[in-house]
Amino acid sequence: MFNETAFVLAGLVEEMPEDIPLDDPEPDAGAPETGSARTARERRDAAERKRAERARRKAEGIPEPRLVDAAVATALSDLTLRAGLRARVRELKSYEGISYGLADVLGQAIETFVERRV
């Protein structure tokens, strides 16, 4: 009986095609994706989209939004310091009547932005 089993197995091995990938099987397309695998895939996809978006913006010469935000915030801070608004607010105990011209804010922001990028 042992000889018969050995004969059958030897015959099966000889009939196997040579191109079957035994070490790296293809994933089962019908297997459901687990929650953690889906979350990981979504994060990778989102990161890839963000990388592509940043590369596109850089190629077009569009600055990063966080740099623009920082330049505007710095401009507002500089204008506030130059105008002495802190003392005025402390004296009047109110922010009433405080305003900035858009041209002043943007002009200062552009100067700040250019200084930091150079």
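Just so we're clear, the structure is a prediction, and the values are computed from it rather than from any experiment.

### Topic: the overall build of the chain
Regarding its fold elements, the chain presents 5 helices and 0 strands. Reading the chain from its N terminus to its C terminus gives the helix and strand order α-α-α-α-α. Here the chain holds 118 residues, and 8% of them are scored as buried. Counting contacts in the chain only where the partners sit at least 6 residues apart, residues at least 24 apart contribute 65% of the total. Here the chain displays about 10500 Å² of accessible surface, and carbon together with sulfur accounts for 58% of that area.

### Focus on helix 2 (residues 35–60)
For helix 2, which comprises 26 residues, the first-to-last C-alpha distance of 37 Å matches the rise-based estimate of 38 Å (1.5 Å per residue) to within 8%. Positive backbone phi, at 80 degrees, marks Gly 61, one or two positions downstream of helix 2.

### With respect to the pattern of salt bridges
Summed over the entire model, instances satisfying the criterion amount to 6 salt bridges. The residue Glu 53 makes a salt bridge to Arg 56 at a minimum N-O spacing of 2.6 Å. A residue pair is termed a helical-turn pair when its members lie 3 or 4 positions apart in one helix, as Glu 53 and Arg 56 do in helix 2 at 3 residues. On the basis of relative accessibility, which here comes to 30%, the residue Glu 53 falls in the partly exposed class. The partly exposed category is assigned to Arg 56, whose relative accessible area is 37%. Across the salt bridge formed by Arg 56 and Glu 60, the nearest N and O atoms sit 3.0 Å from each other.

### Describing the side chain of Thr 112
Looking at where Thr 112 falls in the secondary structure, it is placed in helix 5 (residues 102–117). For Thr 112, a relative accessible area of 5% puts it in the buried group.

### A word on the environment of Phe 113
Relative to the elements of secondary structure, Phe 113 occurs in helix 5. The spacing of Phe 113 and Pro 63 is 50 residues in sequence and 9.6 Å in space, taken between C-alpha atoms. Sequence-distant contacts of Phe 113, that is, excluding residues within four places in its chain, are made with Pro 63, Leu 67, Val 68 and Ala 71.

### Points about helix 3 (residues 65–83)
End to end, helix 3 covers 27 Å across 19 residues, agreeing with the expected 27 Å (1.5 Å per residue, within 8%). Here helix 3 has its buried residues at Ala 71, Ala 75 and Leu 79. Relative to the axis of helix 3, the buried residues are bounded by an arc of 65 degrees and lie together on one face. Away from the buried face of helix 3 by more than 90 degrees, exposed residues Arg 66, Asp 69 and Leu 81 are located.

### Concerning the side chain of Gln 108
With respect to the helices, strands and loops of the structure, Gln 108 is situated in helix 5. Gln 108 gets classed as buried once you look at its relative accessible area, which sits at 10%. If we ignore the near neighbours within four places in the chain, the residues touching Gln 108 are Ala 75, Asp 78 and Arg 82.

### Some points on the confidence of the model for the chain
Mean pLDDT for the chain: 80, with 74% of residues reaching 70 or above. When the elements of the chain are averaged for pLDDT, helix 1 (residues 2–15) gives the smallest value, 64, and helix 2 the largest, 92.

Conventions adopted
Residues numbered from 1 in each chain as written. Predicted model: local features only at pLDDT ≥ 70, side-chain atom pairs only at ≥ 80, totals over all residues. Heavy atoms only, no water. Helix = DSSP H or I, 4+ residues; strand = E, 2+ residues; numbered from the N terminus. Buried < 20%, exposed > 50% of the residue type's maximum accessible area, 1.4 Å probe, protein only. Contact = heavy atoms within 4.5 Å. Areas by Shrake-Rupley, 256 points an atom, 1.4 Å probe, with all protein chains shown as cover. Expected span 1.5 Å × (residues − 1). Salt bridge = Lys/Arg side-chain N within 4 Å of Asp/Glu carboxyl O. Arc of directions from axis to C-beta. pLDDT = per-residue confidence, 0-100.

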